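Secondary and tertiary structure notes
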Amino acid sequence: MNTATASARPIRIALVGMGRMGRALDLLASERGCDVVARLDAAEMSSGIHTGDLKDAQVAIEFSTPETALGNVEQLLRLGCPVVVGTTGWVAELPRLEAAVTATSTAALWSPNFSIGVQLFLAIAEDVAKRARAVQGFETHVVETHHSAKKDAPSGTGIAIVERLEAGLGHPVAISSVRVGSVPGTHEIILDGAFEQISLSHTARDRRVFADGALAAARWLAAGRAPAVYTMRDVLGTSSATS
């Protein structure tokens, strides 16, 4: 998804976390109308994040680790820098993010997955669950597969899919996690019956799909948004539930 236009003025972004996603963002940023003015990794943040470190960035994109993400985000918000949170594995502490946004009057946006295709997949999951609720004989299961280095399991996207399915079906849905090789991300919904099976899947072929969505979110958030906690549903104009 390319949200930049030839006449659009580049926004200044700070990248917080220079792992796989940080590097993917760095490579794609200029094509998407973003100017990376600061690159902060663990070494640069050893004594915290300070105003000078951000080099007048209009928005930060945070992809670090579940253990450090919220601390980084809180520091960025205190500095008045809106932040897109891409790290997963911390969603149980969402009230902490909401409190920080309120205390600092600075906006934040989070999502377990910035792929536009995944946003469509979540909507499909909602629809399937509502239809399947009235049908007997199908057992539902979610399988999520990621690269060996991914630290959280199940994935944030997997959890979001399960939540959508459970809301529609009215009962718990099991999820399995696979960590192998270099898989950017595959999510599958299985509805298994006695003599047939329905399988729905989304496969990310390149992590640039996540970078593309995160940069679109950063451009959206930098456009003077009111202090609140947003999600990709707000970016896509379909807000009302967590995504």
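Please refer to the structure placed before this passage.
Just so we're clear, the structure is a prediction, and the values are computed from it rather than from any experiment.

**Structural notes on the overall build of the protein chain**
- On a plain count of helices and strands, the protein chain comes out with 8 helices and 10 strands.
- Its C-alpha atoms give the protein chain a radius of gyration of 18 Å, near enough to 18 Å, the size a compact globule of 243 residues would have.
- Structurally, the protein chain occupies a C-alpha span of about 60 × 40 × 35 Å along its principal axes.
- In the protein chain, which comprises 243 residues, the proportion classed as buried is 49%.

**Here we look at the pattern of salt bridges**
- Enumeration according to the criterion identifies 12 salt bridges in this entry.
- Among the salt bridges present, the one from lysine 150 reaches aspartate 152, with a minimum N-O distance of 3.1 Å. Per residue, the accessibility class of lysine 150 equals that of aspartate 152, and both read buried.
- Sharing partners across several salt bridges, the network here consists of Glu31, Arg32 and Asp212.

**Some points on the layout of surface pockets**
- Approximately 830 Å³ is the volume attributed to the largest pocket.
- What lines the largest pocket is a set of 34 residues, and nearest its centre among them are Met21, Phe63, Ser64, Thr65 and Thr87.
- Those elements giving two or more residues to the lining of the largest pocket turn out to be α1 (20-28) and α6 (156-169).
- At 3 residues, the largest contribution of residues to the lining of the largest pocket is made by α1.
- Its residues assigned to classes, the lining of the largest pocket comprises 11 nonpolar, 17 polar and 6 charged.

About the cut-offs
Residues numbered from 1 in each chain as written. Predicted model: local features only at pLDDT ≥ 70, side-chain atom pairs only at ≥ 80, totals over all residues. Heavy atoms only, no water. Helix = DSSP H or I, 4+ residues; strand = E, 2+ residues; numbered from the N terminus. Rg over C-alpha atoms; globule rule 2.2 N^0.38 Å. Buried < 20%, exposed > 50% of the residue type's maximum accessible area, 1.4 Å probe, protein only. Salt bridge = Lys/Arg side-chain N within 4 Å of Asp/Glu carboxyl O. 1 Å grid on protein atoms, 1.4 Å probe; cavity = no way out; pocket = protein on both sides within 12 Å on 5 of 7 lines; lining within 4 Å. Points joined across faces, edges and corners; volume = space filled by probe spheres on them. Nonpolar A, V, L, I, M, F, W, Y, C, P; charged D, E, K, R; others polar.

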